[in-house]
Amino acid sequence: MSRTSSIGDSAELEGNLTLSDRLKVFKNSHFDPNAFVTSKCQTMNEKEIRHLCSNLVDLKKASAEEMRKSVYANYAAFIRTSREISDLEGQLISMRNFLSTQAALVHGLSEHARIDSLWAASEDSIADDHLSNLDEGELSESEDWLIELLDNFEVLLAERRVQEAMQALEKGEELATESRKKHSFSPTALVTLETAIRNQRQKLAYQLAEAISQPSTRGQELRSAVLALKNLGDAPCAHTLLLNSHHQKLKSSLPSLRSSNSSCGRAYTVALSQIVFSTIAQAASDSLAVYGEEPAYTSELVTWAVRETEAFAFLLKRHVLALSAASGGLRVVAECIHICMGHCSLLEARGLSLAPVLLRLFKPIIEQAVNANLKKIEEISAALAAADDWLLIYPPAGGRPFSSSASLSSAMASQPKLSSSANRFNSMIQDFLEDVGPLESLQLDGSALGGVLQVFNSYVNLLMRALPSSSETEESLEGSGSKIVRIAETESQQLALLANASLLADDLLPYAAMKLLPLPPRMDEQPKRSSERQSRLPEQREWKKKLQRSVDRLRDSFCRQHALDLIFTENGDTHLNAYIYTSLDDNVEEPEWFPSPILQELFMKLTRMASITTDMFIGRERFATVLLMRLTETVILWLSDDQTFWEEIEEGPKPLGPLGLQQLYLDMEFVLLFSSQGRYLSRNLHQVIKNIIARAIDAVAASGVDPYSTLPEDDWFAEVAQIAIKMLTGKANFGNVERDATSPTASMSAKSVSSIVSHGSN
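Residues numbered from 1 in each chain as written. Predicted model: local features only at pLDDT ≥ 70, side-chain atom pairs only at ≥ 80, totals over all residues. Heavy atoms only, no water.

Bringing the overall build of the protein into the picture now. A tally of regular secondary structure across the protein gives 29 helices and 0 strands. For the protein, buried positions account for 41% of its 762 residues. Counting only carbon and sulfur atoms, one obtains 53% of the accessible surface of the protein, whose full area is about 41200 Å². (Helix = DSSP H or I, 4+ residues; strand = E, 2+ residues; numbered from the N terminus. Buried < 20%, exposed > 50% of the residue type's maximum accessible area, 1.4 Å probe, protein only. Areas by Shrake-Rupley, 256 points an atom, 1.4 Å probe, with all protein chains shown as cover.)

Attention now goes to helix α16 (residues 355–385). Under the 1.5 Å per step criterion, the end-to-end length of α16 is 42 Å for 31 residues, consistent within 8% with the ideal 45 Å. Along its length, α16 shows its largest kink, about 40 degrees, at F362, and proline P364 lies within four residues downstream of that point. (Expected span 1.5 Å × (residues − 1). Bend = angle between axes of the 7 residues up to and from the residue.)

What follows covers the packing of α16 against helix α17 (residues 420–436). Contact geometry for α16 and α17: axes closest at 9 Å, N-to-C directions at 170 degrees. Here α17 runs roughly antiparallel to α16, going by the angle between their axes. Of α17, the residues touching α16 (which contributes V370, N373, L374, I377, I380, S381, L384 and A385) are S421, R424, F425, M428, I429, F432 and V436. Taken together, the residues of the contact of α16 with α17 sort by class into 11 nonpolar, 3 polar and 1 charged. (Axes fitted to C-alpha atoms, helices over the stretch in contact; angles between N-to-C directions. Parallel < 35°, antiparallel > 145°, perpendicular 65-115°, else oblique. Contact = heavy atoms within 4.5 Å. Nonpolar A, V, L, I, M, F, W, Y, C, P; charged D, E, K, R; others polar.)

Turning to the packing of aromatic side chains, a few remarks are in order. Between two aromatic rings, the relevant description is the distance of the centres plus the angle of the planes. Counted by the stated rule, this structure contains 14 aromatic pairs. Seen in terms of ring centroids, F568 and W638 are 5.8 Å apart; in terms of plane orientation they differ by 80 degrees. Their pairing is edge-to-face. In this pair, F568 is assigned in the loop between α20 (528–567) and α21 (579–582) and W638 in helix α23 (residues 621–641), connecting sequence segments 70 residues apart. Its relative accessible area of 29% is what places F568 among the partly exposed residues. Residues W593 and W716 carry aromatic rings whose centres are separated by 5.9 Å and whose planes lie at 85 degrees to one another, so their mutual orientation is edge-to-face. Taken together, the residues span a long stretch of sequence, with W593 in the loop between α21 and α22 (597–616) and W716 in helix α28 (residues 714–729) at a distance of 123 residues. Exposure class is identical for W593 and W716. Each is buried. Members of the aromatic cluster, each reached through a chain of ring pairs, are W593, Y665, W716 and F717. It is K417 that lies over the ring of Y394; its NZ or CZ is 5.6 Å from the centre. (Phe/Tyr/Trp six-rings, centres within 6.5 Å; stacked < 30°, edge-to-face > 60°. Lys NZ or Arg CZ within 6 Å of the ring centre and 35° of its normal.)

The next thing to look at is the packing of helix α25 (residues 658–677) against helix α26 (residues 683–702). Contact geometry for α25 and α26: axes closest at 10 Å, N-to-C directions at 170 degrees. Judged by the inter-axis angle, α25 sits roughly antiparallel to α26. Contact residues: α25 offers L661, L664, Y665, M668, E669, V671, L672 and S675, while α26 offers L685, H686, I689, K690, I692, I693, A696, I697 and V700. Here the contact of α25 with α26 is composed, by residue class, of 13 nonpolar, 2 polar and 2 charged.

Tracing the backbone through its elements, the reader meets S287 in helix α13 (residues 265–291). Relative accessible area serves as the criterion here: at 3%, S287 is assigned to the buried category. Contact partners of S287, with chain neighbours within four places excluded, come to H239, L242, G292 and L301.

In terms of nonpolar packing, the biggest core is built from 155 residues, with F362 and F432 touching the most fellow members. The contacts of F362, once residues within four sequence positions are left out, are F312, A313, L316, K317, L321, I337 and C340. Residues A209, L229, A238 and Y297 belong to the second largest nonpolar core, which totals 18 residues. (Core = buried A, V, L, I, M, F, W, Y, C linked by side-chain atoms within 4.5 Å.)

Turning next to a nonpolar patch on the surface. A contiguous nonpolar surface patch, about 520 Å² in accessible area, is contributed by L88, L92, M95, F98 and L99. Tracing the backbone through its elements, the reader meets L92 in helix α5 (residues 75–111). (Patch = residues over 30% accessible without salt bridge, like charges linked within 9 Å, V, L, I, M, F, W, Y side chains within 5 Å. Salt bridge = Lys/Arg side-chain N within 4 Å of Asp/Glu carboxyl O.)

Bringing unusual backbone geometry into the picture now. Even without being glycine, W390 reaches a positive phi, approximately 60 degrees. We classify W390 as buried; its relative accessible area is 1%.

Further remarks concern the environment of L566. Tracing the chain through its elements places L566 in helix α20. Separated by 35 residues in sequence, L566 and E601 have C-alpha atoms that sit 7.6 Å apart. Not counting chain neighbours up to four residues away, the residues in contact with L566 comprise H575, I598, E601, L602, K605 and V635.

Next up, the structure:
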């Protein structure tokens, strides 16, 4: 048990290390693989060995990825150095051939340097005799074969019999080598042979180069010509000609391709992508068949393939992508790029990973299409908001159905109810994210989600402008511009604005964003895609929080405007002021106790809104509760923070008296009671109310009056507040009100009750 635990702890510790730290043990110059494996495996059971193997495989993949990144980081310098090395190798081969020829000449001269002066004096006559013998046919057998060989060279070259010409050259070189050793040829004949071999080699090389460059030379014929030129000692030139041959074939096929597919962007993309990447694949096969995996030629192949890919991307952008991206045709752009990435991925089996090149080239055009599409969504949403009646309806027939996630209640499992502009906004965002989803390899989820957040903020700004009296705050709404929005006149319409924003931010948009995550892997697949999916979930959770903060802006604006409508009159005066409390102590008779009119109106407003939200926020009751809580807090916090109100209460000419304190106490208890019964009493609101009551009591005490001697018991305030709630909601029954002499309403006659009802209705 302890051994298994220690192994698990060790594996967990290694999992927390960075890649460089985990590789340090392998970089040690004294690293012993056998000892390392023995130390890891000698005490392990089969399950632990499998776990270790899995870790080693992951480490191998991570190491390969690190090497790939390192290569790409220095790839330009690597390619430039490889190209210079290839050029240097070609120059060295040419120099070697030249030095071999010069060595043969020097060797021939040195062999005859020891001949005495008589031979030197008669050398010219011997040469003349030799030439005359050639003319007269008096030739040795070897010299006769030399003449035949030279004539055969000319014939083979003229008839383009490459293989036989190569064999003749090899035979000639063998003969020259043998002659240098055995002196079977005269010096002049040997020089003639070597000069002829060199000239014929150059002619054959030129002939092969010309054949490679011909568009008709394909397949095995092309490989044979390249191999022959390589064997002649000009391998770098042969490889360059091979790649150039494929380039010319590709170039010759483009004009007909443009003319036959000019009317259809998808057909042109399919045809062009297939031709380009199949040509690159064929070039890779030819290069591998002739040169194997020699680094210099592999580097040249990669450089050439990158250049061809860049040219392909330029053509595709010019003929298809640029116009679609500018007009916001994201689906066309995404489909075309998806086709290209599919063809490109087939080259990975041949060792060519061109996907990073395409990602780099296509990412700007994709981002342009994304931005244009988002701008179109924003403009359409603004146009629809100008005519929206802000009534919640189901999506129109043929609209996109909504498959709810597990977090939604059963009531929201069907299609949601939104206003017309919100339904259209949701549909456009769904289409947008569906188009971006297949391009996850471009890593566009960040910019796509950022764009959706931006247009959602813009739409929320439109909803804020739809609130009455929003013209005073229009300048503070970022991106609102001069857009015209239809005003939501009724409370039901204004709550529909909040329903739009909350449903989009909490459910619809996050669900649509799941399309950007990689699909869950099958059981037989590696967990790489699963790890990618998990790594992106925190980003989406943070993105969802930003959506909700935008909804909070709308909710706070809604609460602020309704609070201002309650507190202030049309003339700018306040309904909630100190006078309604300080004036009570001027009356001779004790007032009929009932909550102040402004708080009655607050209660009735909250009651109406609670009734509306019950049907409107099905499955999202918490949002409705928080909304009512914030509206109540906004009004009470205004009272708590109003310096003018408290200056008049504490220091005014008519300070707060016992009756005013009792009325203020009753008002606050009334708010506590109805917010508690409505289940939207927050701790913050409760504390603020207690602070207001305590401050009012201190104000009365400061005037020399004992506030507690005049205040009724707490039960009295609770009972009067409860009676007020029943009367305001039409649930009061005063048929037996006079039976209880201790009741606060016992002294109320029918006339008093009528007066209270009349007072409460003002």
